[in-house]
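Architecture and fold: a report
So you can see what is in the structure, the chains are spelled out below.
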Amino acid sequence: MSRTKGDEEEYWNSSKFKAFTFDDEDDELSQLKESKRAVNSLRDFVDDDDDDDLERVSWSGEPVGSISWSIRETAGNSGSTHEGREQLKSRNSFSSCAQLPKPASTYSLSSFFRGRTRPGSFQSLSDALSDTPAKSYAPELGRPKGEYRDYSNDWSPSDTVRRLRKGKVCSLERFRSLQDKLQLLEEAVSVHDGNVITAVLIFLKRTLSKEILFRELEVRQVALRHLIHYLKEIGDQKLLLDLFRFLDRTEELALSHYREHLNIQDPEKRKEFLKTCIGLPFSAEDSAHIQDHYTLLERQIIIEANDRHLESAGQTEIFRKHPRKASILNMPLVTTLFYSCFYHYTEAEGTFSSPINLKKTFKIPDKQYVLTALAARAKLRAWHDVDALFTTKNWLGYTKKRAPIGFHRVVEILHKNNAPVQILQEYINLVEDVDTKLNLATRFKCHDVVIDTYRDLKDRQQLVAYKSKVDKGSAEEDKIDAILSSSSPQRDCLMGNQHTLDESKGELSGVLQHRQPKVLPVDTRESRRL
């Protein structure tokens, strides 16, 4: 059904709600009526019996609903637009922070905000809010104006460095020119504070190009060393390589490139990367190290693949009795040698996993090889291999035991691997120093070695004292008693005196022979003349 233009205007003008416009002037009479209706609507929340007792007052203390109160409210509503917006914003923020529930009973305005109750059905403020969760709504306080000085004021380079040393926050963005930045760096270097120098270098690294930064740091060695250390710590290899390349530090450039292999986990890719490092400008010693590293990893890959196959097949006895606990890949040379001595000790020299092959390829010293092989074979309790490790033959075919590491260390390693007493006694007897021999034999309870040593020393008192340390009725006690009974103190004394007399006679005969005059040959012609 179509409406005429007049009907539409009448419909909109007779609406219950009226839109706000800046051109319309508020009718004070209509506003007073609306305020009166608003005041009367409050009676819906108040019991009829308590209407006489209520005293509703405004913030200024005037009774709510009075004409003066209505005029004041009307004047406040018809204020400037700016003030209305600010009040609306503050009311919205307050209403968003706290939504108070409607109370069940009626409150007077003064008692609600002053926290007082009146006799009857009124409650205190704490009682009214008892149903709401306990929550504190504190206004957000602004930051003190003194703190904004760190960001707003123009601090000099010295003041900035001083504040950085104290741990205060200050912005470095105001230093825009290259001269200001370099002056700031010089101030940081002058105070000898590594944290301040690093902070300034991070700022320069972010705001300067690489060429300008490297050029200026080349003449400032202290700051340059801090930057190199910082780049190593954060792992920025690309910028570090560019810096070494700019400074023409070829050896450090090569070492920094070599360190990148630590980030490669795949063995094949790491091997190929190490192959590219061989031709880099290292020193002679470092070049040999890089070559050995590549060769070792190459062999480890071959040994690992072969041993994994043998272990999965289950046909090799050593892998069945002693399963592998870890992979051999990326292990050090000594660990690889121990692994080979443990699993591949009897293999021929031509195989990659042979311990002898590893020793010759990587030029392992005899002491290191013997020490590693002894630990591996003793752990397997292969005493025959241990004995063969120290047995040598001379050119006449005679055998002799020799230990490059010393037999005292051999004894300690054997005892650590729970070697039998007979094996320990055999190698303790090979120790040349008497005190060391007695110390090892006493500590590891090799009684026969101690008794035989005291017998050879003809030390009767030590034998008697050691008798109290062995078990009663044991074979060691019987042996000590036999030695003590077969030799008396007088006989020992006579034997000692005879030995001393023989030594004195030997020395005297040597002196006389040295002092005997030589007989000169006589010329036959002179004798004839006489």
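Before reading on, note that the structure itself is shown above.
The following paragraphs examine the structure supplied in this document. Everything numeric in this text was worked out from a predicted model, so none of it was measured.

Some words on the nonpolar core
By size, the foremost hydrophobic cluster in this structure holds 52 residues, and its most contacted members are Leu374, Phe390, Val410, Leu414, Tyr427 and Ile428. No other element matches the six residues that helix α20 (residues 366-379) contributes to this core. Among all residues touching Leu414, those that are not within four sequence positions of it are Leu374, Ala378, Trp383, Val386, Ala419, Ile423, Leu424 and Tyr427. Grouped together as the second largest cluster of nonpolar side chains are 28 residues, Phe203, Leu208, Phe244 and Leu247 included.

Focus: the environment of Val222
Mapped onto the elements of the fold, Val222 is located in helix α12 (residues 221-234). What makes Val222 partly exposed here is its relative accessible area of 33%. Sequence separation between Val222 and Ile197 is 25 residues; the distance between their C-alpha atoms is 9.2 Å.

Remarks on helix α15 (residues 267-277)
Since the α-helix packs 3.6 residues into each turn, any two residues three or four apart lie on the same face. Inspection of α15 places Pro267, Arg270, Lys271, Phe273, Leu274 and Cys277 among the buried residues, and these make up the whole buried set. The buried side chains of α15 occupy one side of the element, clustering within an arc of 165° when seen end-on. On its buried face, α15 sits against α14 (250-258) and α16 (284-313). At the N-terminal end of α15, a side-chain oxygen is found 3.3 Å from the backbone nitrogen of Glu268, two or three residues along, and the residue is Asp266.

What about the packing of aromatic side chains?
Using the criterion set out here, one finds ten aromatic pairs in the structure. Relative to Tyr343, the ring of Phe319 lies with its centre 4.9 Å away and its plane at 10°, an arrangement referred to as stacked. Residue Phe319 is found in helix α17 (residues 317-321), and its partner Tyr343 is found in helix α18 (residues 333-343); the two are separated by 24 residues along the sequence. In this structure, Phe319 and Tyr343 share a single accessibility class: buried. Here Tyr339 and Tyr343 contribute two aromatic rings whose centre-to-centre distance is 4.9 Å and whose plane-to-plane angle is 50°, an arrangement assigned as tilted. Highlighted residues: Tyr339 and Tyr343, both in helix α18, separated by four residues, approximately one helical turn. Comparing Tyr339 with Tyr343 shows no difference in burial state: the two are buried. Counting every residue linked through ring pairs, the aromatic cluster contains Phe319, Phe338, Tyr339, Phe342 and Tyr343.

The rules behind the values
- Residues numbered from 1 in each chain as written.
- Predicted model: local features only at pLDDT ≥ 70, side-chain atom pairs only at ≥ 80, totals over all residues.
- Heavy atoms only, no water.
- Core = buried A, V, L, I, M, F, W, Y, C linked by side-chain atoms within 4.5 Å.
- Buried < 20%, exposed > 50% of the residue type's maximum accessible area, 1.4 Å probe, protein only.
- Helix = DSSP H or I, 4+ residues; strand = E, 2+ residues; numbered from the N terminus.
- Contact = heavy atoms within 4.5 Å.
- Arc of directions from axis to C-beta.
- Polar contact = N/O pair within 3.5 Å; in protein donor to acceptor, adjacent residues only side chain to side chain.
- Phe/Tyr/Trp six-rings, centres within 6.5 Å; stacked < 30°, edge-to-face > 60°.

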